[in-house]
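# A structural walkthrough
Now for the letters of each chain:
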Amino acid sequence: MGSMVEEIEQQEEEEYSLLKDLKLEIKGEDGTFSLCFWLYLPININNSTTPFPSTLLHQVHLDIASAFPFLSLHENKKIMLSPLLFLHQEAPTPTNSIPWTEVPCAASKMDFPLMKWVHVGCEVAVDFVRLYIDGEVVGEKPLTSLLDKESHLEGLRKVSLISTDDNDDRIQGYVYSVEVFPLTSSIKDFYVKNPPLQLSVDTPSASEIEVGTDGVWSIVGGKASCRRNFSLDVNLLDAFGQPVNKNMEVVASLLYADNEALVEKPDDAEAPLLTSYDGIEFASWDRPSKLINGRASFKLKISQLSSKCDNKLFRIRFDIPKKGKYPFLEVLSHPIRCISRNRNAKTPSFTWRKIPSGLHVLNGSLSEGSTEPLHNIVHEAKPSSPLKRVKLGQEKPFVMFKDDNALERANGRCSSPPGTTNEDDTVYGTSLEGRSENHEEPFNSSSDSESSEATDSFLKSNGTPLSDLAVFKYCLSGLTERSLLLKEIAISVSEQELVDFAQQVSLYSGCLHHRHQIIVSKRLIEDGIKIWNMISQDNDHLLWENLVSEIKEHFMKISHCSTRYLVQQDFELLRRIAGCQDIVTRENFEKMWCWLYPVGFTLSQDWINSMWDSVAPKWIEGFITKEEAESSLQGPGGLQDPGTFVLRFPTSRSWPHPDAGNLVVTYVGSNYAIHHRLLSLDFMYSSGAKETGSKPLQDLLLEEPELSQLGRIIRSFEHAR
């Protein structure tokens, strides 16, 4: 039969329930089923109790007075799944009273986390029980079936699952999205669908806060003439840590840190916590902050001094009252010591100050996207040699092999935009997110109000689709601003208007190399939206394994390649560029797509398509990293012969970077050192290359004195990881 569990307490979408109200009743013939749900277990601050040990779900039977554990937390902080009454021989029965402490069960090896959402899955089969945490199997136990006995089958039909006892105050848990289904369905599929929400303080966004060596925040407060503004952002995230765009308001309140009691407003005095809007102060509870793209920003002041409150520390609580009082929809700041301006406080370990570039100043030094003091950052990569821009198909096709001074002069008129680098640093995972060039806005997202107003002024009614202001802004902006601008305009204008815009950008910037990134933006964005919507089916997340086949198919369409497919090693690199593992979010997909589409567009050109399809020799091995390319040039006794080279696509160049989709030559120089040179393919995109009968790219490469033979890359799954 199908699913053998029927949910009694139905839950509406996006509704959270108390764990103690969960009730499930077994129905059907063979008693097998799968069950999964999201579980949040808080810590009781007032009495410092934890839910270890306790039973999350009990097995109850109409004819048995006692209840037996089904899903429980052991005192060693492990979660356990027990055999089912009347289905498994190992479970106690009225005639076989085995102590539950001696019953075999499926148990996790890791501690069960508190204060966060965890997806719990249970599979109950005839001959085993299996336990899942966050979509992965963490425990399994083979068991013996009792279904051959009619008495046990009848008893099985009277078994129900209920949650904790009403008088057990250790369990104050919450459940979300309870699902029951047959064993033939996948728990992992339910794990990625419709995750629950949780508030968090975005600590790196804090400004004007001094952080002591004990982790306590020091904030200047008190009377109006002395107190200072400080800023904090709060994020609404799903269980996977991704921002969620919901129309909600967040309220800030001041609490005592020791007991989390509200700091009351003294008679005839100001509110203890104030928020500023346009220079005017309001009581924080009178002016909640709206969530915009999953983020609420607060500019706050504290009127109460710790010295006037028995030197107590404070905390700021952020919550969403209209959604109900849930511990996961409220979050507390670090402990705060509110001091007067003249107080001689201890020297802080560092200070957060927000500066326009979005970097943070730590002890007076700049650190990109990190909140750690610089002396704790020990993994900084050594910069590689600058990549020089060269043009192919001209009288001297490889000017990159001139002296460095000549190279700098040649590149002077095609400088990179502000905030970019000239190195081809290979970046993966979360490190990729920290690059200022990378654009993390969704394809269909709107920018802030300032950007929207500016975009409105771009559209003109005098016959020119895009104004000079748009052209100037694109020329002067960094990559993030450029991507936002193109996302605003690309969908609303025609391809010819984009071509005209690209020509204007080239004219004003004095560089042609921005051109084709602008021209392809319309198809890149529209195809990206179409592919994501088709694969995700309106879900916020999907499994990587479900994405692979679709990406393989669409890449062949973009690249016009009919004989060569992407292989496992290629997808491993794409996964690292996306910054994901098994779960893919829209943000992960866009990172990967903004790198992959320009590569596919490059490969669609006739002059390089044949190189990609070539097997003997294999001019382009596949998607490889800088490190793999360098390793391939190493022989048994050191570097291979000078002139040996391989071709690769730089992993740090994504749309709309002008070098996205271009090729890099990694080769052994005459000085027995490895060099990396970026090939500018702008000339090859132009019609002039075909009209002048330019030589094939292979011939141009081999005519260069520094390049003499094609190297070979030995790829393996382990090496690619």
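Rules of the game
- Numbers given to residues run from 1 along each chain, matching the order in which its sequence is written.
- Only residues with pLDDT of at least 70 get local features here, since the model is predicted, and only at 80 or more are side-chain atom pairs given and counted; chain-wide, interface and lining totals rely on the full set of residues.
- The basis for every side-chain value is the complete set of heavy atoms in the structure, and neither hydrogens nor water enter the calculation.
- Secondary structure follows DSSP: runs of H or I at least 4 residues long count as helices, runs of E at least 2 residues long count as strands, and numbering of each begins at the N terminus.
- Only heavy atoms enter the contact rule, under which two residues are in contact if any of them lie within 4.5 Å.
- Areas reported here follow the Shrake-Rupley algorithm with a probe of radius 1.4 Å; residue values treat only the protein chains shown as occluding.
- Paired strands are those between which DSSP finds at least two bridges.
- Lines fitted to the C-alpha atoms define the axes, with helices restricted to the stretch that makes contact. Angles between their N-to-C directions range from 0 to 180 degrees.
- Residue burial is assigned from relative accessible area. The probe radius is 1.4 Å, only protein chains are included, and a residue is buried under 20% of its type maximum, exposed over 50%, and partly exposed in between.
- Side-chain atoms alone can form a polar contact between residues adjacent in sequence; in general such a contact is a pair of N or O atoms within 3.5 Å, and within protein one must be able to donate a hydrogen while the other accepts it.
- The nonpolar core is taken to be a set of buried Ala, Val, Leu, Ile, Met, Phe, Trp, Tyr and Cys residues, with the residues joined through side-chain atoms within 4.5 Å.
- Here the expected span of a helix is defined as 1.5 Å times the quantity of residues minus one.
- A pairing counts as a salt bridge when a side-chain nitrogen of Lys or Arg comes within 4 Å of a carboxyl oxygen of Asp or Glu.
- Aromatic rings from Phe, Tyr and Trp, taking only the six-membered ring of Trp, are treated as a pair when their centres fall within 6.5 Å; an angle between ring planes under 30 degrees marks them as stacked, one over 60 as edge-to-face, and anything in between as tilted.
- Sitting over a ring, as applied to charges here, requires NZ of Lys or CZ of Arg to be within 6 Å of the ring centre and within 35 degrees of the ring normal.

### As for the overall build of the protein
Within the protein, the regular secondary structure consists of 19 helices and 37 strands. Sequence-distant contacts in the protein: of pairs separated by 6 or more residues, those separated by 24 or more amount to 69%. Accessible area for the protein stands at about 33600 Å²; split by element, carbon and sulfur atoms hold 47% of it.

### Describing the sheet that holds strand β10 (residues 128–133)
Spatially, the six strands line up as an open sheet ordered β2-β13-β4-β9-β10-β11, and their pairing is antiparallel. The outermost strands of the open sheet, each flanked by one partner alone, are β2 (16–18) and β11 (136–142). Averaged over all adjacent pairs, the angle separating strand axes in this sheet is 30°, with direction ignored. Where strand β4 (residues 33–40) lies against strand β9 (residues 117–124), eight bridges are found, and the strand directions are antiparallel. Across the sheet, residue serine 34 finds its bridge partner in β9, namely glutamate 123.

### Points about the environment of serine 333
Within the secondary structure, serine 333 is located in the loop between β24 (330–332) and β25 (336–339). The class for serine 333 is buried, based on a relative accessible area of 1%. On a C-alpha basis, the gap between serine 333 and valine 201 in space is 6.7 Å, while along the polypeptide they are 132 residues apart. Look past the residues within four positions of serine 333 in its chain and what remains in contact with it is Trp217, Arg315 and Ile316. Looking at serine 333, its side chain comes within polar contact range of the main-chain nitrogen of isoleucine 316, at 2.9 Å.

### Comments concerning the nonpolar core
Counting residues in hydrophobic clusters, the biggest one holds 64 residues, and the most contacted among them are Phe501 and Phe623. At nine residues, the largest contribution of residues to this core is made by helix α13 (residues 586–603). For phenylalanine 501, the residues in contact, after removing those within four places along its chain, are Leu466, Ala470, Val471, Tyr474, Leu486, Ile489 and Ile518. Trp217, Phe298, Phe318 and Cys338 belong to the second largest nonpolar core, which has 48 residues in total.

### As for helix α11 (residues 544–559)
In this model, α11 (16 residues) spans 22 Å end to end at C-alpha, consistent with the 22 Å of a helix rising 1.5 Å per residue. Buried residues of α11: Trp544, Leu547, Ile551, His554, Phe555, Met556, Ile558 and Ser559, and no others. If you follow the buried residues of α11, they end up packed against α10 (521–536), β30 (541–543), α12 (568–578), β31 (583–585), α13 and α14 (606–613). In the stretch just after α11, histidine 560 is the one whose phi turns positive, near 60°.

### A short note on the environment of leucine 542
Mapped onto the elements of the fold, leucine 542 is located in strand β30. Along the sequence, leucine 542 and threonine 585 sit 43 residues apart, while their C-alpha atoms lie 6.7 Å from each other. Setting aside anything within four residues of it in sequence, one finds leucine 542 in contact with Trp532, Ile535, Ser536, Leu547, Asp582, Ile583 and Val584.

### Overview of the side chain of glutamine 698
By the element assignment, glutamine 698 lies in helix α18 (residues 697–703). By relative accessible area, glutamine 698 is classed as buried at 16%. Beyond its immediate stretch of four places on either side in the chain, glutamine 698 contacts Ser610, Met611 and Trp619.

### Observations concerning the pairing of strand β13 (residues 174–181)
Each regular strand carries side chains that alternate between the two faces of the sheet. Counting buried residues along β13, six of its eight residues qualify, which places the element largely inside the surrounding structure. Examined bridge by bridge, β2 and β13 share three bridges and lie antiparallel to one another. In the strand pairing of β13, serine 17 is matched with valine 175. In this structure, β4 lies alongside β13, joined through six bridges in antiparallel fashion. Looking across to β13, one finds that cysteine 36 is bridged to glutamate 179.

### Quick word on the pattern of salt bridges
In the structure shown here, the tally under the stated rule is 20 salt bridges. Between aspartate 582 and arginine 575 there is a salt bridge; the shortest N-O distance is 3.6 Å. Looking at aspartate 582, the relative accessible area reads 34%, which means it is partly exposed. The network of salt bridges with shared partners includes Glu136, Lys188, Glu572, Arg575 and Asp582.

### Re the packing of aromatic side chains
A complete count under the given rule lists 29 aromatic pairs for this structure. For the pair tyrosine 16 and phenylalanine 328, a centre-to-centre distance of 4.8 Å together with 55° between the ring planes defines the contact as tilted. One end of the pair, tyrosine 16, is in strand β2; the other, phenylalanine 328, is in the loop between β23 (314–319) and β24, with 312 residues separating them in the sequence. A residue is classified by how much of its surface remains accessible, and tyrosine 16, at 9% relative accessible area, is buried. Between tryptophan 595 and phenylalanine 623 the ring centres are 5.2 Å apart and the planes differ by 90°, which places this aromatic pair in the edge-to-face class. Of the two residues, tryptophan 595 is situated in helix α13 and phenylalanine 623 in the loop between α14 and α15 (626–632); the sequence distance between them amounts to 28 residues. Like tryptophan 595, the residue phenylalanine 623 is buried in the burial classification. Linked through ring pairs, Tyr16, Tyr40, Trp117, Tyr174, Tyr176, Tyr326 and Phe328 together constitute an aromatic cluster. Over the face of the ring belonging to phenylalanine 282 we find arginine 287, whose NZ or CZ atom lies 4.0 Å from the ring centre.

### What about the pairing of strand β6 (residues 64–73)?
Across the 10 residues of β6, seven count as buried, placing the element largely inside the fold. Across six bridges, strand β5 (residues 54–61) lies against β6 in antiparallel orientation. Among the inter-strand pairings, leucine 57 is bridged to a residue of β6, identified as leucine 71. Hairpin connection from β5 to β6: two residues lie between these consecutive antiparallel strands. Inspection of the sheet shows β6 paired to strand β7 (residues 79–81) by three bridges, in the antiparallel sense. Residue pairing for β7: serine 72 is matched across the bridge by methionine 80.

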